[in-house]
Every structure is written in structure tokens, then in C-alpha cells.
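Residue-level structural notes
The chain contents come next:
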Amino acid sequence: AQSVTQLGSHVSVSEGALVLLRCNYSSSVPPYLFWYVQYPNQGLQLLLKYTTGATLVKGINGFEAEFKKSETSFHLTKPSAHMSDAAEYFCVAGGGYNKLIFGAGTRLAVHP
Amino acid sequence: GAVVSQHPSWVICKSGTSVKIECRSLDFQATTMFWYRQFPKQSLMLMATSNEGSKATYEQGVEKDKFLINHASLTLSTLTVTSAHPEDSSFYICSALIAGEPSYEQYFGPGTRLTVT
């Protein structure tokens, strides 16, 4: 079955530290991968997406992710965390019939 | 571009009443829209896929008679929660696909917080 796994439901980092949010997908999903961010009581905002081409994808707010087919991974990184990065992050894969397959989400906390 | 709006942003209703939530694509045509439900501190759960001019396709376990979906135009889909009960209280989010775009990218609305008392 198609699935997306986010390792770590909660991640806490210091301001200025590296952010690494891990995501693995099942090999049966099509290679359309996304990271979305959700702030409290808001909808989802697209951070970045991988469809085809370059495997290192740059997104908004300094985030980037690398598609590694051999590892079936699509980890999200940011070199230096800001307080404003505190939010819920979802790794999402394109499934069949235009549907999306969501990971369980990772809550990122940034402390001073 | 690619903005999706929802109305209302929050609503409180009494048990037994019905409430309608609107989802609009403001600057593009959306032949396909999706409705999700999100419980606190959980991921999004797909409720149904809405295609313009046809009946919605509901996910397993979602009561189609309780959650009525209408997609009457290329820019508007509505979700009506009928005879709402407290357990229907949740955050409802819609999304839309741009017609013809093959990348699976969905554009999400800001969500509607429903509280049933």
C-alpha cells in the first residue's frame, strides 16, 4: 500500500540550529512529493515540491528537500531555524486518482 | 495566484441543525476539489473528491448522507453537514486542483472550524 512516513512527531531545535525533518515514502507512490506547512488554525501552505528533474528542491522561507530514490526519502532541511518556523509540517505524496497521501505530520518547536 | 477561499472561517451550530461550508477557487478553474477533515494534532483525512457536474466520490467510512457535497460550478464546491452532532466538530479544509495540471499539487483553503454544541 502507498504510504508516507514521517519520522518523529515532534522535533525541537534551538533558534539558529539546523532543521531536519525526515520523510520516507513507499516505493509504489508516483514521484510527486510535497512538503506543506500548517500554522495553528490555518490551511496548508506549500513549501516545496518535487515532480521531475533536479533532485534538490528549493522552497520558500529557506527550506529545501532532496529526493533520494534509492533511499525512498524526501527529507526537509533548513540551515538556520527561526522562531517563525514553529509549525506543523506534512510530507505528502501524490497518489492515484489525483489524491494525496499525507504523512502524520511533524510538529517543529523552535526555542530561543 | 491559485488562491482558495473558504467561508465561513468558523461556525458554531446547535446539535441537530445543518451547516454549509463553501470552498471557492478565486483565480482559477477547479474541475476537482477535495474535502478533508482534521482532528486536533492529527493529519488530514480525505473525506471526498468533488468533480464539477458529477456526484462526489466519498472515502470509505464517510457517510454521504451526512456530508453532502455539491460542486455546481468550476469555482465552487460546498460541504453541508446535515443534522450535526458534537462529534462532527472538527476543522474542515478544502483543496482544489488546477484543471490540466498533472503534478498532483493541491491548493488548500484556510479551513473552517466547526463547533457543534
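Residues numbered from 1 in each chain as written. Chains lettered and ligands numbered in written order. Predicted model: local features only at pLDDT ≥ 70, side-chain atom pairs only at ≥ 80, totals over all residues. Heavy atoms only, no water.

**Some thoughts on the sheet that holds strand S3 (residues 19-25) of chain A**
Residue and element names in this part refer to chain A.
- The five strands are arranged S1-S3-S8-S7-S6 in an open sheet whose pairing can be described as antiparallel. Only two strands of the sheet have a single neighbouring strand rather than two, namely strand S1 (4-7) and strand S6 (56-58). Averaged over all pairs of adjacent strands, the angle between their axes in this sheet comes to 20 degrees, without regard to strand direction.
- By the bridge criterion, four bridges tie S1 to S3 in an arrangement that is antiparallel. Directly across from valine 4, in S3, lies its bridge partner tyrosine 25. (Pairing = 2+ DSSP bridges. Helix = DSSP H or I, 4+ residues; strand = E, 2+ residues; numbered from the N terminus. Axes fitted to C-alpha atoms, helices over the stretch in contact; angles between N-to-C directions.)

**What to know about the interface of chain A and chain B**
- Listed by partner, the interface residues are 23 residues for chain A and 23 residues for chain B.
- Both sides together, the interface formed by chain A and chain B hides about 1,700 Å², and carbon and sulfur atoms give 57% of it.
- Of all residues in chain A, the largest losses of buried area upon contact with chain B belong to Asn98, Lys99 and Phe102 of chain A, amounting jointly to 29% of the total for that side.
- Where chain A packs against chain B, one counts two salt bridges.
- Scanning the region where chain A abuts chain B turns up eight residue pairs in polar contact (both at pLDDT 80 or more). (Contact = heavy atoms within 4.5 Å. Buried area = accessible area lost by both parts, 1.4 Å probe. Salt bridge = Lys/Arg side-chain N within 4 Å of Asp/Glu carboxyl O. Polar contact = N/O pair within 3.5 Å; in protein donor to acceptor, adjacent residues only side chain to side chain.)

**Things to note about the state of the cysteines**
- In the structure shown here, the tally under the stated rule is two disulfides over all chains.
- Through a disulfide, cysteine 23 of chain A is tied to cysteine 91 of chain A; the S-S separation comes to 1.9 Å. The disulfide joining cysteine 23 of chain A to cysteine 91 of chain A has a torsion of about -65 degrees about its S-S bond and is therefore left-handed. Taken together, the positions of cysteine 23 of chain A in strand S3 and cysteine 91 of chain A in strand S9 (residues 87-94) put the pair 68 residues apart, joining distant regions of the chain.
- Residue class for cysteine 23 of chain A comes out buried when judged on its relative accessible area of 0%.
- Left unpaired, cysteine 13 of chain B is separated from the closest cysteine sulfur, that of cysteine 94 of chain B, by 18 Å. (Disulfide = S-S within 2.5 Å. Buried < 20%, exposed > 50% of the residue type's maximum accessible area, 1.4 Å probe, protein only.)

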